[in-house]
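Chain and residue survey
Each chain, letter by letter, is given below.
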Amino acid sequence: MKVTGFSGIVGRPGVAVASAAVLAVLCGCTVRPPDGADGKHDSPVHIELPPSRTPGKGPSGTTGRTAGTAPAPAPSAVDTTPPHIVFTRGDTGTGVRELQARLRQAAWLFDGPTGTYDDLTARAVKGFQGKRGLPQTGETDAVTWQRLVRMTHRPGTWELYLMGGQPAAAPDPRCLTGRVLCISKTSRTLRWMIDGRTVSTMSVRFGAQYTPTREGVFQVYWKSRHHFSTLYHSPMPYAMFFSGGQAVHYSYDFAARGYAGGSHGCVNVRDEAAIAGLFAQVRNGDKVVVYW
């Protein structure tokens, strides 16, 4: 092989070999031993050319890829895994309350929240799914839940417990002796307590901004089973008066609208069976404690 471009190389075998080695590194060549080293008389430089490449093909002849590129994955099979169910019929708890509160926001549910995934809830979910082109199962799967969450805001405490059912606050220390109607404005609950023991608990609501329910320690001074307010022209069944015209009584409005409304200062109860039982047990002179 004749190498040109390097002055003084021709006629100097040792230098020529070294120079050829440099050229070999730059050009992808391999260097062979000089004459006589292996009994053969070959050129000291052997040039290896890269393999020919067909247009549009890689070195291996595969179409559309270059050398070193991983092969394209095969199309995946259709996913037949059933969707994850978040809530379904019979489920209970705060998660179901949130579902129901969000369905109310989206105008698909008008009762509750109750915290129980009942037939009304399933019907509302099914309607919501159908409106959005989802499978109408009546079960809240992950896709249905995510769609509902995107359309609504996170419900507050009194949206979750719009119709009652919230846990009662700890009783005030003044409630721990005797017979007491122990009424918490913070948790909006009434505990009927005897000598520190809770006999029953029920949800209550209070007076509106301009007709607040008074706080303090009082006594039941009058009971009126079929009372009717001549001032507000509304029924007040199972009324137990404790401070002027303010009483604990059943409220039809509370039963219908929950905490969306308020009283004129009275303590409203929405569970008629619960207050009927309470009315039968409470006596004139029993203590009433209203506190935050």
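Preceding block: the structure.
Structural notes, computed from the coordinates. Small disclaimer: the values here were computed from a predicted structure and weren't measured.

1. Focus on the overall build of the protein chain
A count of helical and extended segments in the protein chain gives seven helices and 13 strands. Burial statistics for the protein chain: of 292 residues in total, 35% are counted as buried. Partitioning the contacts of the protein chain with sequence separation of at least 6, the portion at a separation of at least 24 is 50%. As displayed, the protein chain has an accessible area near 16,900 Å², and 57% of this comes from carbon and sulfur atoms.

2. Let's talk about the sheet that holds strand β5 (residues 179-184)
Taking strand neighbours across the sheet as the criterion, the nine strands line up as β8-β13-β5-β6-β7-β12-β11-β10-β9 in an open arrangement whose pairing is mixed. Each edge of the open sheet is held by one strand with a lone partner, namely β8 (216-219) and β9 (222-229). In this sheet, neighbouring strand axes are inclined to one another by 30° on average, regardless of whether the strands run parallel or antiparallel. Where β5 meets strand β13 (residues 287-291), five bridges bridge the pair, whose relative direction is parallel. Paired with L181 across the bridge in β13 is V288.

3. Comments concerning the nonpolar core
The nonpolar side chains of a soluble globular protein tend to be buried with one another. L181, I183, L190, M240, V248, L278 and V288 are the most contacted members of the largest nonpolar core, which has 22 residues in total. Those residues in contact with V288 that lie beyond four places of it in its chain are L181, I183, G216, V217, F218, Q219, V220 and F242. Of all hydrophobic cores here, the second largest spans 12 residues; its members include F87, V96, L103 and A124.

4. With respect to unusual backbone geometry
The omega torsion across G112 and P113 is 5°, close enough to zero to call that bond cis. Tracing the chain through its elements places P113 in the loop between α2 (94-105) and α3 (119-131). The residue A107 is not glycine, and still its phi comes out positive at about 65°. As for its position among the elements, A107 is in the loop between α2 and α3.

5. Digging into the side chain of T152
Within the secondary structure, T152 sits in the loop between α4 (142-151) and α5 (157-160). Owing to a relative accessible area of 14%, T152 belongs among the buried residues under this scheme. For T152, the contacting residues outside a window of four places in its chain are R102, Q105 and A106.

What counts, and where the lines are drawn
- Residues numbered from 1 in each chain as written.
- Predicted model: local features only at pLDDT ≥ 70, side-chain atom pairs only at ≥ 80, totals over all residues.
- Heavy atoms only, no water.
- Helix = DSSP H or I, 4+ residues; strand = E, 2+ residues; numbered from the N terminus.
- Buried < 20%, exposed > 50% of the residue type's maximum accessible area, 1.4 Å probe, protein only.
- Contact = heavy atoms within 4.5 Å.
- Areas by Shrake-Rupley, 256 points an atom, 1.4 Å probe, with all protein chains shown as cover.
- Pairing = 2+ DSSP bridges.
- Axes fitted to C-alpha atoms, helices over the stretch in contact; angles between N-to-C directions.
- Core = buried A, V, L, I, M, F, W, Y, C linked by side-chain atoms within 4.5 Å.

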